[in-house]
Amino acid sequence: MNTVTRLSMICLGFLVSCNSGGQKEGEQSNDTLSQADPLLTVDQEQKYCFLRTEGTEQQDSSFLQLTIRNETVNGIYNVIPHEKDARRGTVLGKAAGEVLDLVWTFTQEGMQDTLRVVFKLQNGTLVRKPFSVDTSNGRQVTLDSSGFLEAYEAVDCVEEP
């Protein structure tokens, strides 16, 4: 791994650490996907973390931290391309089996925006439907007809000290 990638991963870890809430006393958490198909049973809360790197030197990164309880999903989703403006924000939505249909509220270039994102947990990996562009307004959208193409690898969630 090159220095830029290592620094990016360390920075992502610090971001998650600063933004994640502390675990309540007596509350169990499990940060691995080894027990994760199907996602959850009733009244359990599960935390998952995923990372996607891409680019010629794996210098672009996307990090996703999800908390799922029953059918409700929330978390953090940050897309950080190398030497470009990042999209950093939160996700909120519903889980239907292994499919997560979420609204991503993010900030980019000082402006806040929202975008629908759809993920699927598949064999311990998270995959996302790619974005398309709506030619009538130039905005990115997630089409229901799209396949799940972009893979995110499971990583350990950063624990607060």
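My aim in this report is to walk through the structure given alongside it, one point at a time. (Residues numbered from 1 in each chain as written. Predicted model: local features only at pLDDT ≥ 70, side-chain atom pairs only at ≥ 80, totals over all residues. Heavy atoms only, no water.)

Enumeration according to the criterion identifies five salt bridges in this entry. Glu54 is paired through a salt bridge with Arg52; the nearest N and O atoms lie 3.2 Å apart. Accessibility expressed as a relative area gives 33% for Glu54, which makes it partly exposed. Between Asp101 and Arg116 there is a salt bridge; the shortest N-O distance is 2.9 Å. Here the residue Asp101 occupies a position in strand E5 (residues 99-108), and Arg116 occupies one in strand E6 (residues 111-122), the gap between them amounting to 15 residues. The class of Asp101 is partly exposed, set by a relative accessible area of 34%. Judged by relative accessible area, which is 29%, Arg116 ranks as partly exposed. (Salt bridge = Lys/Arg side-chain N within 4 Å of Asp/Glu carboxyl O. Buried < 20%, exposed > 50% of the residue type's maximum accessible area, 1.4 Å probe, protein only. Helix = DSSP H or I, 4+ residues; strand = E, 2+ residues; numbered from the N terminus.)

Below, the discussion takes up the packing of aromatic side chains. For the structure on display, the rule yields six aromatic pairs. Where Tyr77 meets Trp104, the ring centres are 4.3 Å apart and the plane angle is 45 degrees; that geometry is what we call tilted. You can see Tyr77 sitting in strand E3 (residues 72-80) and its partner Trp104 sitting in strand E5, a full 27 residues away along the chain. A relative accessible area of 1% means that Tyr77 is categorised as buried. When its relative accessible area of 0% is taken as the criterion, Trp104 is described as buried. Summarising the aromatic geometry, the rings of Phe119 and Tyr152 are spaced 5.7 Å apart at their centres and angled 80 degrees between planes, so their arrangement reads as edge-to-face. Note that Phe119 is positioned in strand E6 and Tyr152 in strand E10 (residues 150-155), a separation of 33 residues in sequence. Classification of Phe119 by relative accessible area gives buried; the value is 0%. Within the aromatic cluster, the residues linked to one another by ring pairs are Tyr77, Trp104, Phe106, Phe119 and Tyr152. (Phe/Tyr/Trp six-rings, centres within 6.5 Å; stacked < 30°, edge-to-face > 60°.)

Applying the stated rule across the entire model yields one disulfide. Between Cys49 and Cys157 runs a disulfide, and the two sulfur atoms are separated by 2.0 Å. One disulfide, between Cys49 and Cys157, carries an S-S torsion of 115 degrees and so falls in the right-handed class. Note that Cys49 is positioned in strand E1 (residues 45-54) and Cys157 in the segment after E10, a separation of 108 residues in sequence. Cys157 carries the same exposure label as Cys49, and that label is buried. (Disulfide = S-S within 2.5 Å.)

So yeah, pure geometry; function would need other evidence.
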